[in-house]
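Structural characterization, general
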Amino acid sequence: MRHLIDITDLSVEELDAVMDRADDIIAHPEQYAHACEGKKIAALFFEPSTRTRLSFEAAMSELGGKVLSVTGASSSSQAKGESVSDTIIMASCYVDIIAMRHPKEGAAFVAAGKAGVPFINAGDGGHLHPTQTLADLLTIRRECGRLTGLTVGMCGDLKYGRTVHSLTHAMQRYPGTRFVFISPEELKIPAYVTEELEEKGIPYEVTTSLSDALPSLDILYMTRVQRERFDDPEVYERLKDSYILNAAMLENAKDSLRILHPLPRVNEISTDVDGDIRACYFKEALYGKYMRMALILFLLEQAGENGDHLKRLERIRTESVKPEGIRGEVCENPRCISGTEQELPPLYRPTGKTDAEGRTICRCIYCETEKAIRLNV
Amino acid sequence: MRHLIDITDLSVEELDAVMDRADDIIAHPEQYAHACEGKKIAALFFEPSTRTRLSFEAAMSELGGKVLSVTGASSSSQAKGESVSDTIIMASCYVDIIAMRHPKEGAAFVAAGKAGVPFINAGDGGHLHPTQTLADLLTIRRECGRLTGLTVGMCGDLKYGRTVHSLTHAMQRYPGTRFVFISPEELKIPAYVTEELEEKGIPYEVTTSLSDALPSLDILYMTRVQRERFDDPEVYERLKDSYILNAAMLENAKDSLRILHPLPRVNEISTDVDGDIRACYFKEALYGKYMRMALILFLLEQAGENGDHLKRLERIRTESVKPEGIRGEVCENPRCISGTEQELPPLYRPTGKTDAEGRTICRCIYCETEKAIRLNV
Amino acid sequence: MRHLIDITDLSVEELDAVMDRADDIIAHPEQYAHACEGKKIAALFFEPSTRTRLSFEAAMSELGGKVLSVTGASSSSQAKGESVSDTIIMASCYVDIIAMRHPKEGAAFVAAGKAGVPFINAGDGGHLHPTQTLADLLTIRRECGRLTGLTVGMCGDLKYGRTVHSLTHAMQRYPGTRFVFISPEELKIPAYVTEELEEKGIPYEVTTSLSDALPSLDILYMTRVQRERFDDPEVYERLKDSYILNAAMLENAKDSLRILHPLPRVNEISTDVDGDIRACYFKEALYGKYMRMALILFLLEQAGENGDHLKRLERIRTESVKPEGIRGEVCENPRCISGTEQELPPLYRPTGKTDAEGRTICRCIYCETEKAIRLNV
């Protein structure tokens, strides 16, 4: 069963095919208006969202399908302590495909392990948000005519910004990409991202100055400094207005620059930019809907003849795979799903690196937070 | 693009046509069951409501269309600080028509300025609620057989009651209307309402006695004294039971009296009135659904061939009109949208009147709260 | 108008017919995919739930119908103090059938008295939850091939567990049933349940030992000890882990044992039981969807040609039946609907028993809580 937890769950060729399908849907929407007739999606949103949920609902509706929605944690079984696993098994009885947003990191990994239908990660805590990246990629491809040879600037919260990490991960697969990371020192792009770029020989720059970087950019990806990703409100207050883009600054930018933002924006892009033809953040929201339509079709096709609901439950019962990894202590990330999901063992995957004390640097298999573990020889 | 922010956005002739359509839908519902097939409405309810939202959802469903719903502020991007403008631009990418209820006054005005699709004000704070007035008007027309020559009594919270102001505004357009305003002194009908009636030569009475007024009424419009419109809970407690209608009081009323209430009622109409044939408040809820169906059809027809979503976004980008008015200080109404919506300048529209000190009396262009501004000669 | 407030509102023959229909839907889903085209259900969930609501929504969707949903109390008119009666009358204007879950006990009784369309109790406080019992019955019938001659074990919270009381009530109607009630002393099955079994000559056992009971059981019905049913959190903490089922314990159980749980489970069934072929709790959730489909069809057929919405309102107005009973003081149950619903008189129904002081033992007509009332000779 194919799922989408991380953007790299789709190969470059598959991504191209999904983008081609989205282009076709934009050009001939009437041909897709009944593609999912009789099918249902569960939109399980256990964390606040309007855009992503409405985008999935609009997407399924425009394919002729139906939507079952759960919003918020307090009005659901989550409040009663139900595990993500059980929620997903139950939802597999009711719908043909699931999209879930959850506040705990790694929740998507757990859900995909139990789903009897295709599962789409609509965001797990601050960890991953692959469908936003799909929207970003289609926007770049349509607006620039290509995905290769672009200078991509990312600005704002590069430390916690999951869409930044995901887009970097996706764009580095295209030849000729050059990154420019623009942020205050405290919100710098994490080392594990830049180390991966160095290993692959992909050029990048790190700077604190947006105006210095602007003239060379083909893409400017602005991000919001998100209050909810900070444990300390004072640090948030100090950093939130770090980089604001306005119309005056754009005088030095290329005519072919395209400005993206995963939205919602609060003040990091001034409204005087909205009328500029280079502003693409609303188009991004629209393209996101078409990419979700194409993704839903792709995953349902991959699932093929999924059998009736009884067969799906039987498959979940007999084919459930135990997650593998090195046993360790409880994950230190307070937002990791392993802290709340019952009977989920703390497991880790070695990265191949060691620290100064000779301990193996591993990653939690759920949320990917690093942990140094002393492995027996 | 035609929107409905205030009841007077529709001319008397247009209102008649919408009511005629509603009558036809009631008579031949099967002819409308697929009228909106393939179309979607966004029901954005950022303030508590059950009836209005269900009414819109039922309306669109009975036209064969689909509904995307957002309920509550805490489970949406509003909690993340997203502006009403951006929310509406984004929703324009997903649906063909939008209905929005928002706690801030003037939010509907701002939304309509940005919507790429027809926009319906489902209530902005304590300011306007035009679709309730549509329900009221159809009820009166069907129950009394006409909208002219009626004595209309309004009872309860006439000071803050937005449905009272709106119905007064609508009914004064019909010849032969006479108003009777029944309330405690503290909740008296505001001067700006009665002044407008005087200017137009429309007869009205102000009284504190419901039983005195009852015998002469053709329509009795009861309203709930709403806790949420009061800043001081003590004043609310004192006034909330001011006027309660029960079966005994109806002995002196006309057989042709019709009793309306926008609902929900708490105790201002006793349940012993419900069985009386003159009680029309539940029929009002039903007629409200049919009026919303007729309104949706009207606005979609007015929008005509709205183009695909990309064209709509382009139109929003190029045709966005800057609101006009006199620059002033921040609006004093703590519930005005200009206090929270980013980059919204405080603007005022002069009323043509001046106060004792020679300052021009103006109204906030968003929420219409009065403000005296000293204009330069 | 037929409603489902309690499982016994359906006769044994009607239950059989509904289960037969559910079997047919499972076998031939495509024959039912448009059975409710053009019809709508209101899913009014004023108390947290995910499964039951999604189950109803999936059920109606798979019948080709539409769903209007209300979730949570704070985002609805309930927060404005609207009565259940008025909410139900209003909803009757918008849909063809209503399912409601409400935190107050007796709310379903009140709602069914006012509904102009078929009404389904989706749970009223800790009182009744008949559609869960429908799911349980179909599961037992399909998994055991029969409903007669079974030894049924119920384990966990037998004192407050509404699904336990309801299933006991339903299963006692089938010849040859024997009950085994397994719980800690504080959560023992209430006397009124066992007294009824004794009156009908139905064998039962009460024990505190799950392992002792296990070998003789055909059905094991596990329940969660629910935090929300306890007023005292300390008692809850002490009792919540009383009985936990794991794989090791199943070695002494029959191969033909079937394990049910109304879900959500927290920890009372260990996940190492999930892979056992005897574990049926997820199938229960699936069967619940099919039973709800069959129930919706049954109730709509019973309602017959229900007339248009105006006729329904008229019927509510003229046919409203005043509830009957003995006048008494306010019900002592803090969760009884009579405490909050306006103008609802406290009424009681005598049970035919008297207490030591000669007072008649009665039950509140809404929530069925016992009360001793001194009746005049």
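Since the model is a prediction, treat every value here as computed from it, not as a measurement.

A word on the overall build of chain A. Summing up its helical and strand segments, chain A has eleven helices and 13 strands in all. Compactness check: chain A gives a C-alpha radius of gyration of 21 Å against a globular reference of 21 Å for 377 residues, within 12% of the reference. Sorting the 377 residues of chain A into buried and exposed places 61% on the buried side. A separation threshold of at least 6 residues defines the contact pool for chain A, and within that pool the share at least 24 residues apart is 69%. Accessible area for chain A stands at about 14300 Å²; split by element, carbon and sulfur atoms hold 49% of it. Counting 45 positive and 57 negative side-chain charges, chain A places the centres of these two groups 3 Å from one another.

A word on the packing of helix α5 (residues 130-144) of chain C against helix α6 (residues 162-171) of chain C. All names here are of chain C. In contact at an axis separation of 9 Å, α5 and α6 are set at 55 degrees when each is read in the N-to-C sense. One way to sum up the angle between α5 and α6 is to call them oblique. For the pair α5 and α6, the sense of crossing is right-handed. On α6, the residues touching Pro130, Gln132, Thr133, Asp136, Leu137 and Ile140 of α5 are Thr163, Ser166, Leu167, Ala170 and Met171.

The next thing to look at is the interface of chain A and chain B. Between chain A and chain B, the residue contacts involve 37 residues of the former and 24 residues of the latter. Taken over both partners, the interface formed by chain A and chain B buries close to 2800 Å², and the fraction arising from carbon and sulfur atoms is 55%. Run the count over chain A and chain B and you get two salt bridges. Residue Asp86 of chain B pairs with Arg265 of chain A through a salt bridge whose shortest N-O separation is 2.6 Å. Applying the counting criterion to the chain A and chain B interface returns ten residue pairs in polar contact (both at pLDDT 80 or more). At the level of secondary structure, the elements contributing two or more residues to the side of chain A that touches chain B comprise α2 (51-62) and α10 (281-303) of chain A. The leading source of residues in the side of chain A that touches chain B is α2 of chain A, at eight residues.

Residue and element names in this part refer to chain A. If you check the domain split of chain A, you get domain 1 (7-125 + 286-317), domain 2 (130-279) and domain 3 (326-373). For domain 1 versus domain 2, the distance between C-alpha centres works out to 27 Å. At the junction of the two partners, domain 1 supplies 26 residues and domain 2 supplies 23 residues. Buried area between domain 1 and domain 2, both sides added, is near 2200 Å², and the carbon and sulfur share of it is 58%. Counting the surface domain 1 buries against domain 2, the share from its top three residues, Ile7, Met19 and Tyr287, is 31%. Counting across the interface, domain 1 meets domain 2 through four salt bridges. At the junction of domain 1 and domain 2, the tally comes to eight residue pairs in polar contact (both at pLDDT 80 or more). The biggest single contributor to the side of domain 1 that touches domain 2 is helix α1 (residues 12-27), with eight residues.

Every contact between the two is made by 37 residues of chain C and, on the other side, 24 residues of chain A. Buried area between chain C and chain A, both sides added, is near 2800 Å², and the carbon and sulfur share of it is 55%. Considering only the side of chain C, the residues that lose the most area to chain A are Thr50, Leu54 and Phe282 of chain C, jointly responsible for 20% of the buried surface there. At the boundary of chain C with chain A, the tally comes to two salt bridges.

This paragraph deals with the relation of the copies chain C and chain A. Turning chain C through 120 degrees and shifting it by 0.0 Å along the axis lays it on chain A, with an RMSD of 0.0 Å. Put plainly, the chains are arranged around a three-fold axis.

Once that is clear, we can look at the pairing of strand β2 (residues 66-71) of chain C. Strand direction decides the pairing type here: strand β1 (residues 40-45) of chain C and β2 of chain C, joined by six bridges, are parallel. Note on β2 of chain C: the bridge partner recorded for Phe45 of chain C is Thr71 of chain C.

Residue and element names in this part refer to chain A. Inspection of the entire model under this criterion finds 84 salt bridges over all chains. As a salt-bridge pair, Glu185 and Lys188 come within 3.3 Å of each other at their nearest N and O atoms. Overall, Lys188 belongs to the partly exposed group, its relative accessible area being 36%. One salt-bridge network, in which partners are shared between bridges, spans Asp16, Asp20, Asp23, Arg141 and Arg142.

Once that is clear, we can look at helix α6 (residues 162-171) of chain A. Here α6 of chain A lies mainly inside the structure; nine of its ten residues are buried. Along α6 of chain A, the positions that sit buried rather than exposed are Arg162, Thr163, Val164, His165, Ser166, Leu167, Thr168, Ala170 and Met171 of chain A.

Tallying each qualifying case throughout the model produces twelve aromatic pairs over all chains. Between Phe179 of chain B and Phe181 of chain B the ring centres are 5.7 Å apart and the planes differ by 5 degrees, which places this aromatic pair in the stacked class. What makes Phe181 of chain B buried here is its relative accessible area of 0%. Clustering of aromatic rings is evident, with ring pairs tying together Phe179, Phe181 and Tyr204 of chain A. Across from the ring centre of Tyr192 of chain A, 4.9 Å away, lies the NZ or CZ of Arg363 of chain A, which sits over that ring.

Turning our attention to the environment of Leu54 of chain C. Among the structural elements, Leu54 of chain C can be located in helix α2 (residues 51-62). Residue class for Leu54 of chain C comes out buried when judged on its relative accessible area of 1%. Apart from the residues lying within four places of it in its own chain, the contact partners of Leu54 of chain C are Leu44, Leu68, Ser69, Val70, Met90 and Tyr94 of chain A.

Residues and elements named next belong to chain C. The strand order β2-β1-β3-β4 describes an open sheet built from four strands, whose pairing is parallel. Edge positions in the sheet fall to β2 and β4 (119-124), since each has one partner strand and no second. Sheet twist, expressed as the mean angle between neighbouring strand axes with direction ignored, is 10 degrees. Where strand β3 (residues 97-102) and β4 come together, four bridges link them in parallel fashion.

On to unusual backbone geometry. With an omega of 0 degrees, the peptide bond running from Leu263 of chain A to Pro264 of chain A counts as cis. A positive phi is found at Leu263 of chain B, a non-glycine position, where the angle reads about 60 degrees. Secondary-structure assignment places Leu263 of chain B in the loop between β9 (258-260) and α10 (281-303). For Leu263 of chain B, a relative accessible area of 11% gives the class buried.

This paragraph deals with the sheet that holds strand β13 (residues 370-373) of chain C. All names here are of chain C. If you trace the four strands from one edge of the open sheet to the other, you get β10-β11-β12-β13, paired in antiparallel fashion. Two strands lie at the open edges of the sheet, namely β10 (326-327) and β13, each paired on one side alone. In terms of strand pairing, strand β12 (residues 360-364) meets β13 through four bridges, oriented antiparallel. The partner of Ile361 across the bridge, within β13, is Ala372.

Okay, the environment of Asn267 of chain B next. Residue placement: Asn267 of chain B occurs in the loop between β9 and α10. Sequence spacing of Asn267 of chain B and Gly125 of chain B is 142 residues, and the spatial spacing of their C-alpha atoms is 23 Å. Not counting residues within four places of it along the chain, the set of residues in contact with Asn267 of chain B comprises Asp241 and Ile244 of chain B together with Gln342 of chain C.

This paragraph deals with the side chain of Asp136 of chain B. Residue and element names in this part refer to chain B. Here Asp136 is to be found in helix α5 (residues 130-144). Buried charged residue Asp136 carries no salt bridge. Nearest counter-charge: Arg292, at 8.5 Å. The contact partners of Asp136, leaving out residues within four places of it in the chain, are Leu167, Tyr221, Leu260 and Glu284.

Rules behind the numbers
Residues numbered from 1 in each chain as written. Chains lettered and ligands numbered in written order. Predicted model: local features only at pLDDT ≥ 70, side-chain atom pairs only at ≥ 80, totals over all residues. Heavy atoms only, no water. Helix = DSSP H or I, 4+ residues; strand = E, 2+ residues; numbered from the N terminus. Rg over C-alpha atoms; globule rule 2.2 N^0.38 Å. Buried < 20%, exposed > 50% of the residue type's maximum accessible area, 1.4 Å probe, protein only. Contact = heavy atoms within 4.5 Å. Areas by Shrake-Rupley, 256 points an atom, 1.4 Å probe, with all protein chains shown as cover. Lys, Arg positive; Asp, Glu negative; His and termini not counted. Charge placed at Lys NZ, Arg CZ, Asp CG, Glu CD. Axes fitted to C-alpha atoms, helices over the stretch in contact; angles between N-to-C directions. Parallel < 35°, antiparallel > 145°, perpendicular 65-115°, else oblique. Left-handed = near helix turned anticlockwise from the far one by under 90°. Buried area = accessible area lost by both parts, 1.4 Å probe. Salt bridge = Lys/Arg side-chain N within 4 Å of Asp/Glu carboxyl O. Polar contact = N/O pair within 3.5 Å; in protein donor to acceptor, adjacent residues only side chain to side chain. Domains from an automatic or database assignment. Least-squares fit on C-alpha atoms with pLDDT ≥ 70 in both. Pairing = 2+ DSSP bridges. Phe/Tyr/Trp six-rings, centres within 6.5 Å; stacked < 30°, edge-to-face > 60°. Lys NZ or Arg CZ within 6 Å of the ring centre and 35° of its normal.

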